[in-house]
Amino acid sequence: MKGRSVLGRSQAETERVRYLLGLASPAEREHVESEYFHDADAFQRMLSAEDDLVDAYARGELSDEERQRFEKRFLKSSQGKDRVRFSRAFAGAVVAPVHTVVPPFYLRHPVRIAAVAAVVVIAVVLSWLVIERRRMSNELRELRAVHEQLHNETEALRRDAERMHIAEIQSPPNSLQPANPTSRKTVPSQRPRPKRTPITPPQQQEQKPFVNTEDVNTFVSRKIVDLPLDISKIPSLLTLQTASTPEGYVAGGRADQSNVTLDGVDINEAAVALHMALNSPVKYSDYRVSIETAEGRQVTSVGWIEPPKRNQTRISPPPIKATDLPAGDYRVRLTGKDADGSFVQVAEYSFKVVVKK
Amino acid sequence: MSFAKTSSRREWALTQEVFDRFLAILDIDREKAGEKYEFIRLRLLKYFQWCGSDQPDIDADETLNRVMRRIDEGENVYNLDGYIQGVARLVQKESLKLRNRKQELDVDQVVELAPAEPEEVEWRECLERCLGYLSDEEREIITEYYKYEGIEKINCRKRLAVRLGVSLNSLRVRMYRQRANLEACVQECLGREDL
């Protein structure tokens, strides 16, 4: 078949073209004729359809059957021939574009479309992988940082523990120490403790520190080997007396005590003053000192309220009668009254009383 | 308009008086009546052309003469278009009989145009000259109207109607007349205005 059929249009158009070519059935003819005889617009559509049919013939767009029908009907008269000639000239004048049915892009280039789609998919997947990898790297870096921090904290704790241990071993007694360093007699001192800063991991900022450095004064018991009872060191000896100053002055005491030697001392009237050094300034307003023998028998207990001074780091309870301290080993327990009324241990000391004859 | 006699048994001649009476039926305004008469004649002419008549103009005039005669003889016509269609159908049947007889005697010959006749160059030259008489807008519109084919032609004509702010049918009428004027111009250019 040469050319394309002009019948492939709407039903009304097809009916009109079939009528013009003499292909319509009697019923179709009746319908078309009644329409254009009674309706001027319908007649106008017939005229346009006729023009289009002539143009289609002039442009070679009719099928063989349509072309033969057209020639039989329209080319018998000179008028019909002139119309075709005019239509040919007119078709050339209007410069009809070459009609090409352009299929959609995706039908013309399916492989290219598929390739582009594949590239897009790969690009999306790669982008996702890069983003995911970056996210995982960040998480890993954060985890390493946390791990490093925990490791450092652990190391710090370990070093603190070692330092404490060394300090405990090496720290000399620092209270009740005789003025003369060469003296054989020593005074028990509170074990010095390094001040610790509570270490909490970042995730547990709101939790209580697991090392309490405020309420607890851990200590190590140390024995006092000798009391400064050397008779040749009167000032030191006097420090053991009631309200005696290191200079030998005894406030409220007997004025001639400075002449007393140890051998001549009436020990029944002697008293022992304890001065206990603290690691940190006092924090309680009420303290209690309990002295026990090495066997655990309580010798005496002294409770008093001493308005603490600011930054005071030494506790000096009232003197104890020397008669209450026969020769032997003693343990001194210092407790402080807490807010709830209970006494908590603050420090513990030990000393030994040796009576020289 | 022709005043030919009908081929009826009884002698009847179309007179100016009968013709004027017929125009009065078409419209009180004589000018409008004349336009309606031309439209009716064109419709009949096309009818016979599309029916394959060898002499469509003669058949069309015969139909009109018969209608005017019936009206002149006093027949009441309430549906003029339907009445004209009925008469045209009778004339077409009679014409078809005559044509069949004639085809039996004559050699059936279909004149097919050569693909490119030498005189078509003259047609193109005349057409270009006639297109030159149109305004730029008219030339652009008619060129656009007849440029395409198939579905693109339909879409183009719809777009053109929208652009001009007229209905598709109005555009169709306008283009048909424009094309008819062009054809007449080309005929005149070719020295065939008598055809």
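All of these numbers come straight from a predicted model, not from anything done at the bench.

Enquirer: Would you mind going over the overall build of chain A with me for this structure?
Expert: Counting its secondary structure elements, chain A contains eight helices and eight strands. Looking at the 357 residues of chain A, the share that counts as buried comes to 35%. About 21,100 Å² of surface is accessible on chain A, with carbon and sulfur atoms providing 55% of the total.

Enquirer: Before we go on, may I ask you to explain the overall build of chain B in this structure?
Expert: Within chain B, the secondary structure is distributed over eight helices and zero strands. Listed by position from the N terminus, the elements making up chain B come as α-α-α-α-α-α-α-α.

Enquirer: Can you help me understand the pattern of salt bridges in this one?
Expert: A pair can form between side chains of opposite charge whenever their charged atoms are brought close. Considering all chains together, one arrives at 34 salt bridges over all chains under this definition. Note that Arg179(B) and Asp51(A) form a salt bridge whose closest N and O atoms lie 3.7 Å from each other. Here Arg179(B) is found in helix H8 (residues 168–189), whereas its partner Asp51(A) is found in helix H3 (residues 40–58) on a different chain. The exposure class assigned to Arg179(B) is buried, which follows from its relative accessible area of 1%. Among the charged side chains, a network of salt bridges with common partners joins Glu50(A), Asp51(A), Asp55(A), Arg83(A), Lys46(B), Arg179(B) and Glu183(B).

Enquirer: How do you make sense of the environment of Cys130(B) when you look at a structure like this?
Expert: The topology assignment puts Cys130(B) in helix H5 (residues 120–133). Given a relative accessible area of 3%, Cys130(B) falls into the buried group.

Enquirer: Looking at this structure, how should I read the packing of helix H1 (residues 16–26) of chain B against helix H3 (residues 56–72) of chain B?
Expert: Working note: a packed helix pair is described by the angle between its axes plus the distance between those axes. Residues and elements named next belong to chain B. Running from amino to carboxyl end, H1 crosses H3 at an angle of 90°, the nearest separation of the two axes being 10 Å. Here H1 lies roughly perpendicular to H3, going by the angle between them. Facing H1, whose interface residues are Val18, Phe19, Arg21, Phe22 and Ile25, H3 presents Val67, Met68, Ile71 and Asp72. Of the residues in the contact of H1 with H3, the class split is seven nonpolar, no polar and two charged.

Enquirer: Just checking my understanding: could you explain the interface of chain A and chain B for this structure?
Expert: A common way to state how big an interface is: give the accessible area lost once the parts meet. In this assembly, 51 residues from chain A lie in contact with 52 residues from chain B. Between chain A and chain B the total buried area reaches about 4,900 Å² when both faces are included, carbon and sulfur atoms providing 56% of it. Considering only the side of chain A, the residues that lose the most area to chain B are Phe37(A), Arg85(A) and Phe86(A), jointly responsible for 17% of the buried surface there. At the surface where chain A touches chain B, the tally comes to five salt bridges. Our count for the contact surface shared by chain A and chain B stands at eleven residue pairs in polar contact (both at pLDDT 80 or more). Counting residues per element, the ones that place at least two in the side of chain A that touches chain B are helix H1 (11–20), helix H2 (26–38), H3, helix H4 (64–74) and helix H5 (78–93) of chain A. No other element matches the 13 residues that H3(A) contributes to the side of chain A that touches chain B. Residue classes in the side of chain A that touches chain B are distributed as 20 nonpolar, seven polar and 24 charged.

Enquirer: Is there a simple way to think about H5(B) in this case?
Expert: One turn of an α-helix holds 3.6 residues; hence residues three or four places apart share an orientation. Here H5(B) contains 14 residues, and its C-alpha end-to-end distance of 20 Å stays within 8% of the 20 Å for a straight helix at 1.5 Å per residue. Taken residue by residue, H5(B) has Glu120(B), Trp123(B), Cys126(B), Leu127(B), Cys130(B) and Leu131(B) as its buried positions. All buried residues of H5(B) lie within an arc of 140° about the axis, which places them on one face of the element. In H5(B), the exposed positions that point more than 90 degrees away from the buried face belong to Glu125(B) and Glu128(B). Buried residues belonging to H5(B) abut H5 of chain A together with helix H6 (136–145) and H8 of chain B.

Enquirer: Would you explain the environment of Arg45(A) in this entry?
Expert: With respect to the helices, strands and loops of the structure, Arg45(A) is situated in helix H3. Taking the C-alpha atoms as reference points, Arg45(A) and Glu13(A), 32 residues apart in sequence, are found 8.9 Å from one another. Residue contacts for Arg45(A): discarding those within four places in its chain leaves Arg16(A), Asp39(A), Asn169(B) and Arg172(B).

Enquirer: Looking at this structure, how should I read helix H2 (residues 30–50) of chain B?
Expert: All names here are of chain B. Here H2 is 21 residues long and its end C-alpha atoms lie 30 Å apart, about the 30 Å a rise of 1.5 Å per residue gives. Residues Ala33, Tyr37, Ile40, Arg41, Arg43, Leu44, Leu45, Lys46, Tyr47, Phe48, Gln49 and Trp50 constitute the buried set of H2. The first or second residue beyond H2 is glycine 52, which carries a positive phi of 85°.

Enquirer: Would you take a moment to explain the pairing of strand E7 (residues 328–337) of chain A for this structure?
Expert: Remember that side chains alternate between the two faces of the sheet whenever the strand is regular. Residues and elements named next belong to chain A. Both strand E3 (residues 286–293) and E7 contribute to a ladder of seven bridges, which runs antiparallel. Looking across to E7, one finds that threonine 293 is bridged to tyrosine 330. Where E7 lies against strand E8 (residues 343–353), ten bridges are found, and the strand directions are antiparallel. When the bridges of E8 are listed, threonine 335 appears paired with glutamine 345.

Enquirer: Help me understand a nonpolar patch on the surface in this model?
Expert: On the surface, Val121(A), Ile122(A), Val125(A), Leu126(A), Trp128(A) and Leu129(A) cluster together to form a nonpolar patch covering roughly 590 Å² of accessible area. Summarising the element assignment, Leu126(A) is placed in helix H7 (residues 110–170).

Enquirer: What exactly am I supposed to notice about the state of the cysteines here?
Expert: In a disulfide, the sulfur atoms of two cysteines are covalently bonded to one another. All names here are of chain B. Per the counting criterion, the structure on display carries two disulfides over all chains. In this model, cysteine 126 is linked to cysteine 189 through a disulfide, with the two sulfur atoms separated by 2.0 Å. Note on the cysteine 126 and cysteine 189 pair: the S-S dihedral is about -70°, so by sign convention the disulfide is left-handed. Note that cysteine 126 is positioned in helix H5 and cysteine 189 in helix H8, a separation of 63 residues in sequence. Taken in sequence order, the bonded cysteines of chain B link in the pattern 1-4, 2-3.

Enquirer: I would appreciate a short explanation of the nonpolar core in the present structure.
Expert: Core analysis: the largest hydrophobic core is formed by 51 residues, its most contacted members being Tyr19(A), Tyr36(A), Phe70(A), Leu44(B), Trp50(B) and Met68(B). Top element by residues in this core is H3(A). It accounts for nine residues. Setting aside residues up to four positions removed in sequence, Phe70(A) forms contacts with Leu21(A), Leu53(A), Val54(A), Tyr57(A), Leu62(A), Leu75(A) and Val84(A). Residues Leu274(A), Ile315(A), Val332(A) and Phe351(A) belong to the second largest nonpolar core, which totals 23 residues.

Enquirer: Even after reading the chapter, I still don't get the packing of H2(A) against H3(A), so can you show me in this structure?
Expert: Residues and elements named next belong to chain A. Where H2 meets H3, the closest approach of the two axes is 5 Å, and the angle between their N-to-C directions is 115°. Considering how the two elements wind past one another, H2 and H3 form a crossing that is left-handed. In this structure, H2 uses Val32, Glu35, Tyr36 and His38 to contact H3, whose residues at the interface are Ala40, Ala42, Phe43 and Met46. Of the residues in the contact of H2 with H3, the class split is six nonpolar, one polar and one charged.

Enquirer: I keep staring at the confidence of the model for chain A and nothing clicks. Help me out?
Expert: Predicted coordinates in areas of low pLDDT are best not read in detail. Residues and elements named next belong to chain A. Residue-level pLDDT values for chain A average 72, and 63% of them are 70 or greater. Considering each helix and strand of chain A separately, the mean pLDDT is smallest for helix H8 (residues 234–238), with a value of 56, and largest for H2, with 89. Under a pLDDT of 50 for its full length, residues 96–102 has, in the predicted model, seven contacts with residues more than four places off or in other chains. Scored below 50 in pLDDT, residues 175–205 shows 90 contacts in the model against residues more than four places distant or in partner chains.

Rules of the game
- Residues numbered from 1 in each chain as written.
- Chains lettered and ligands numbered in written order.
- Predicted model: local features only at pLDDT ≥ 70, side-chain atom pairs only at ≥ 80, totals over all residues.
- Heavy atoms only, no water.
- Helix = DSSP H or I, 4+ residues; strand = E, 2+ residues; numbered from the N terminus.
- Buried < 20%, exposed > 50% of the residue type's maximum accessible area, 1.4 Å probe, protein only.
- Areas by Shrake-Rupley, 256 points an atom, 1.4 Å probe, with all protein chains shown as cover.
- Salt bridge = Lys/Arg side-chain N within 4 Å of Asp/Glu carboxyl O.
- Axes fitted to C-alpha atoms, helices over the stretch in contact; angles between N-to-C directions.
- Parallel < 35°, antiparallel > 145°, perpendicular 65-115°, else oblique.
- Contact = heavy atoms within 4.5 Å.
- Nonpolar A, V, L, I, M, F, W, Y, C, P; charged D, E, K, R; others polar.
- Buried area = accessible area lost by both parts, 1.4 Å probe.
- Polar contact = N/O pair within 3.5 Å; in protein donor to acceptor, adjacent residues only side chain to side chain.
- Expected span 1.5 Å × (residues − 1).
- Arc of directions from axis to C-beta.
- Pairing = 2+ DSSP bridges.
- Patch = residues over 30% accessible without salt bridge, like charges linked within 9 Å, V, L, I, M, F, W, Y side chains within 5 Å.
- Disulfide = S-S within 2.5 Å.
- Core = buried A, V, L, I, M, F, W, Y, C linked by side-chain atoms within 4.5 Å.
- Left-handed = near helix turned anticlockwise from the far one by under 90°.
- pLDDT = per-residue confidence, 0-100.

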